[in-house]
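Descriptive analysis of the structure
What follows is the residue order along each chain.
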Amino acid sequence: MDKKTLRKEVRARLTAVTDEQKQLKSTMLALALVVHPAVRSARVIALFSPLGDEPAIGEIIEVLSREHTVVLPRVEGETMEFYPFSASSMREGAYGILEPCGGVPVAPADIDVMVVPGVAFTLSGARLGRGKGFYDKYMSQSGFCASTIGVCYEEQLVPSLPCEPHDITVGEVLSR
């Protein structure tokens, strides 16, 4: 199955999940992340501001920022960089996603753990994104060596994905 068809199929599966189920699964994923050993020991944690069809892990951004440096992505044109989170600096940016405004981007080598969204994942870490390649490009940068954790609803797990040479796998996948 090609990537476009697979994206459509997974999105159709997600429409069968109620908002209440998604909220419960999101809360369980957020809790799993907060207690994850790699997250607990990290200095700098890269998270994401979730879109409506992604696990709503945004509730842990402020919680984790009390003890860690939390960075969030900001898209400018064809590139994505990660900037320190500050509740007062968040604004709607590219694709309607909340992003930090201002500040200096964090170097890829300074990120200890990156939590990665996706449309679909395999249990072995293959990831299907939205098609723009932002995370693949970022994770393939020189110096990037963070532990990577993909998060998704169990309905987004698939047995296999079509992979191309530029596709980057994640080290671990958490699903609920």
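About the cut-offs
- Residues numbered from 1 in each chain as written.
- Predicted model: local features only at pLDDT ≥ 70, side-chain atom pairs only at ≥ 80, totals over all residues.
- Heavy atoms only, no water.
- Pairing = 2+ DSSP bridges.
- Helix = DSSP H or I, 4+ residues; strand = E, 2+ residues; numbered from the N terminus.
- Axes fitted to C-alpha atoms, helices over the stretch in contact; angles between N-to-C directions.
- Contact = heavy atoms within 4.5 Å.
- Phe/Tyr/Trp six-rings, centres within 6.5 Å; stacked < 30°, edge-to-face > 60°.
- Lys NZ or Arg CZ within 6 Å of the ring centre and 35° of its normal.
- Core = buried A, V, L, I, M, F, W, Y, C linked by side-chain atoms within 4.5 Å.
- Buried < 20%, exposed > 50% of the residue type's maximum accessible area, 1.4 Å probe, protein only.

Here's the deal with the sheet that holds strand E9 (residues 147–152)
In space, the six strands of this open sheet follow the order E3-E2-E1-E6-E9-E10, with mixed pairing throughout. With one partner strand each, in any of the chains shown, strand E3 (79–84) and strand E10 (172–175) form the two edges of the open sheet. The sheet shows a mean angle of 25° between the axes of neighbouring strands, taken without regard to direction. Where strand E6 (residues 113–116) meets E9, four bridges bridge the pair, whose relative direction is parallel. Each bridged residue has a counterpart across the sheet, and for Val116 the counterpart in E9 is Gly150. Helix-sheet contacts for helix H2 (residues 19–35) involve E6, E9 and E10, and the interaxial angle to E10 is about 140°.

A few points about the packing of aromatic side chains
Under the definition given, this model contains four aromatic pairs. One aromatic cluster is present, built from ring pairs that chain together Phe82, Tyr135, Tyr138 and Phe144. The aromatic ring of Tyr83 is capped on one face by Arg74, whose charged end is 3.6 Å from the ring centroid.

So, the pairing of E3
Relative to E3, strand E2 (residues 69–76) is paired through six bridges, and the arrangement is antiparallel. Considered in E3, the bridge of Glu76 is made with Thr79. Counted between consecutive antiparallel strands, the loop separating E2 from E3 contains two residues, among which Gly77 sits at a positive phi close to 65°.

Side note on the nonpolar core
The biggest cluster of nonpolar side chains holds 42 residues, and the ones touching the most others in it are Leu33, Leu47, Phe82, Ile111, Met114 and Tyr135. Setting aside anything within four residues of it in sequence, one finds Tyr135 in contact with Phe48, Pro73, Met80, Phe82, Met114, Val116, Pro117 and Arg127. Val10, Val119, Ala126 and Val158 belong to the second largest nonpolar core, which has eight residues in total.

A word on the environment of Leu14
Along the chain, Leu14 turns up in helix H1 (residues 3–15). You can call Leu14 buried: its relative accessible area is 5%. In sequence terms Leu14 and Glu155 are 141 residues apart; their C-alpha atoms lie 6.4 Å from each other. Residue contacts for Leu14: discarding those within four places in its chain leaves Lys22, Asp53, Tyr153, Glu155 and Gln156.

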